[in-house]
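# Per-entry structural report
So the chains spell out like this:
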Amino acid sequence: MNVNGYEIDEREIERWVKRNTLRRILVQAPDGLKSVALGVIDYLESLGMSALLSADHTWGGCDLALDEAKSVGADGIIHIGHHGPVWFKPPENPPILFIPAYSIVDPTHVFEKLLDELERNGVKSIGLATTIQHITWLTSLKETARKRGFTVETGRYAGFEGLVVGCDYSSLGTGKSDAIVVVAGGSFHALGAAIWSGLPTWGLDPYTGVYRRVELKSVLASRLYALSRAMDASSFLLIVSVKPGQKRMEIAMRVKEALKRRGRKAIIAVFNDLSREKIENLGVFDAYINTACPRLVIDDPEIFPGPSLNIGELKYVLQGSLEGYSLRDSLFLDLRFLEDP
Ligand code: SF4
């Protein structure tokens, strides 16, 4: 069925409902797809189900409303708009259905224009990636680029060709292309791809019909500034999320220990959604270490009242030098440095 410009596989929903003999379902969707969730609720009710809308944010496949479902007695969760779980294995109970919402907006015309620009820039090979919303267009976009003489590389993530999520760009493949093209709404995924790959990256937004090359200079400057300020910090707030795919309690404990061994103090604070107000309520700290979604530090640094860093960046603060730093450290979870005395 088509709901507000998105294709939803209602037969998949019906099969899942029958297979699991469900009675009350909590429907969850990111803010941009809440209206699609309302359409799914109508459909569930037409099947005789009781269906509830989760009004809270959900930011990714990492952010599943397990506790909410339990507290309202829902015996199943439908999570719309993300391909599947990210960074965690969902429980068998309650049954969970991740159902993509495929955009019907055809990006081909804008993609052709972007290929003109890439040609002008001497690009001959591209790594092509997209989000689950636009993945049904990937094959035809690949063909379009190949017909124009480009070599196109796509990898796989979670079983989907060319799929990226905000914190994982492993599908970008070997990274030997001249450039990366990311087809996705907004600039969030294109920025992540540029950080991950280090290659010239263009984002194409099918909704606005705009494409743009990603500029990393200001992001790098902001990260280096935050890290250099954090080097002198003696008190840290360690941020832990309760979202299933962002919960890194064990890592937070190891970070706290590593800081303690170096004579620095850290308090662990537990959050669901983060906000500056909630953080400021906890008092003043010299620096903030984020173990939740790594994109918070990169995209929303103003949430933190002081210098903020991701776990992959902590090693530079501990070693007291930025030598060897790459923006990719902000997305990677390389924790070997925590084992050092
Ligand atoms: S980028 Fe953040 S919100 Fe998105 S899947 Fe990763 S951890 Fe979740």
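Rules used throughout
- Residues numbered from 1 in each chain as written.
- Predicted model: local features only at pLDDT ≥ 70, side-chain atom pairs only at ≥ 80, totals over all residues.
- Heavy atoms only, no water.
- UniProt positions renumbered as here; feature names shortened; annotations may be inferred.
- Salt bridge = Lys/Arg side-chain N within 4 Å of Asp/Glu carboxyl O.
- Helix = DSSP H or I, 4+ residues; strand = E, 2+ residues; numbered from the N terminus.
- Buried < 20%, exposed > 50% of the residue type's maximum accessible area, 1.4 Å probe, protein only.
- 1 Å grid on protein atoms, 1.4 Å probe; cavity = no way out; pocket = protein on both sides within 12 Å on 5 of 7 lines; lining within 4 Å.
- Points joined across faces, edges and corners; volume = space filled by probe spheres on them.
- Nonpolar A, V, L, I, M, F, W, Y, C, P; charged D, E, K, R; others polar.
- Pairing = 2+ DSSP bridges.
- Axes fitted to C-alpha atoms, helices over the stretch in contact; angles between N-to-C directions.
- Contact = heavy atoms within 4.5 Å.
- Near = heavy atom within 4 Å.
- Sits in = over half its atoms within 2 Å of the grid points.
- Domains from an automatic or database assignment.
- Core = buried A, V, L, I, M, F, W, Y, C linked by side-chain atoms within 4.5 Å.

The protein chain has the name 2-(3-amino-3-carboxypropyl)histidine synthase in an unreviewed UniProt entry, where Infirmifilum uzonense is given as its organism. Of the protein chain, the UniProt comment under Sequence similarities (unreviewed entry) reads exactly: "Belongs to the DPH1/DPH2 family." If you open the UniProt record of the protein chain and go to Catalytic activity (unreviewed entry), you find "L-histidyl-[translation elongation factor 2] + S-adenosyl-L-methionine = 2-[(3S)-amino-3-carboxypropyl]-L-histidyl-[translation elongation factor 2] + S-methyl-5'-thioadenosine + H(+)".

### Quick look at the pattern of salt bridges
Evaluated as defined, the whole model comprises 13 salt bridges. The closest approach of N and O atoms between R223 and E313, which form a salt bridge, is 2.7 Å. Here the residue R223 occupies a position in helix α7 (residues 217-230), and E313 occupies one in helix α11 (residues 311-319), the gap between them amounting to 90 residues. With a closest N to O distance of 2.8 Å, D273 and K243 form a salt bridge. Of the two residues, D273 is situated in the loop between β16 (265-271) and α9 (276-280) and K243 in the loop between β15 (235-241) and α8 (249-261); the sequence distance between them amounts to 30 residues. On the accessibility criterion, K243 (4% relative accessible area) is buried. Linked through salt bridges whose partners overlap, the residues forming this network are E112, D116, E119 and R148.

### Focus: the layout of surface pockets
The volume enclosed by the largest pocket comes to roughly 1100 Å³. Looking at the largest pocket, it is lined by 46 residues, and the ones nearest its centre are T58, W59, G60, H82 and F188. Secondary-structure elements contributing two or more residues to the lining of the largest pocket are α6 (188-197) and α10 (295-299). Sorting elements by how many residues they give to the lining of the largest pocket places α10 first, with three residues. Taken together, the residues that form the lining of the largest pocket break down as 21 nonpolar, 18 polar and seven charged.

### Details of the sheet that holds strand β5 (residues 76-80)
Strand order in the open sheet formed by four strands is β4-β3-β5-β6, and the pairing between neighbours is parallel. Either end of the sheet is taken by a strand with one partner, and the two such strands are β4 (50-53) and β6 (96-99). With direction set aside, neighbouring strand axes in the sheet form an average angle of 20°. Bridge count between β5 and β6: four bridges; the pairing is parallel. When the sheet's bridge partners are listed, H79 is paired in β6 with F98. Sheet strands in contact with helix α1 (residues 10-19) are β3 (24-28), β5 and β6, and its direction is about 175° off that of β6. Where helix α2 (residues 34-46) meets the sheet, it contacts β3, β4 and β5, and its direction lies at approximately 170° from that of β4.

### Notes on the site of the ligand
Around the ligand, the neighbouring residues are W59, C62, V86, G166, C167, Q246, C293 and R295. Because more than half of its atoms lie within 2 Å of the grid, the ligand is assigned to the largest pocket. Tallied by class, residues from the shell around the ligand come to five nonpolar, two polar and one charged. Domain assignment of the residues forming the shell around the ligand places at least three in each of domain 1 (2-101) and domain 3 (218-339).

### Regarding the nonpolar core
Formed by 42 residues in total, the largest nonpolar core has its most connected members in L172, F236, V255, L259, I289 and L314. Residue assignment for this core shows that the elements contributing at least two residues are β12 (179-183), α6, α7, β15, α8, β17 (287-290) and α11. Two domains share this core, each providing at least three of its residues, namely domain 2 (108-215) and domain 3 (218-339). Apart from residues lying up to four places away in sequence, I289 is in contact with F236, L237, L238, I239, V255, L259, L309 and L314. In this structure, V3, V17, M49 and I99 belong to the second largest nonpolar core, which totals 24 residues.

### Quick look at the pairing of β16
Looking at chain direction, β15 and β16 are connected through seven bridges and run parallel. From the neighbouring strand, L238 faces β16, where its bridge partner is I268.

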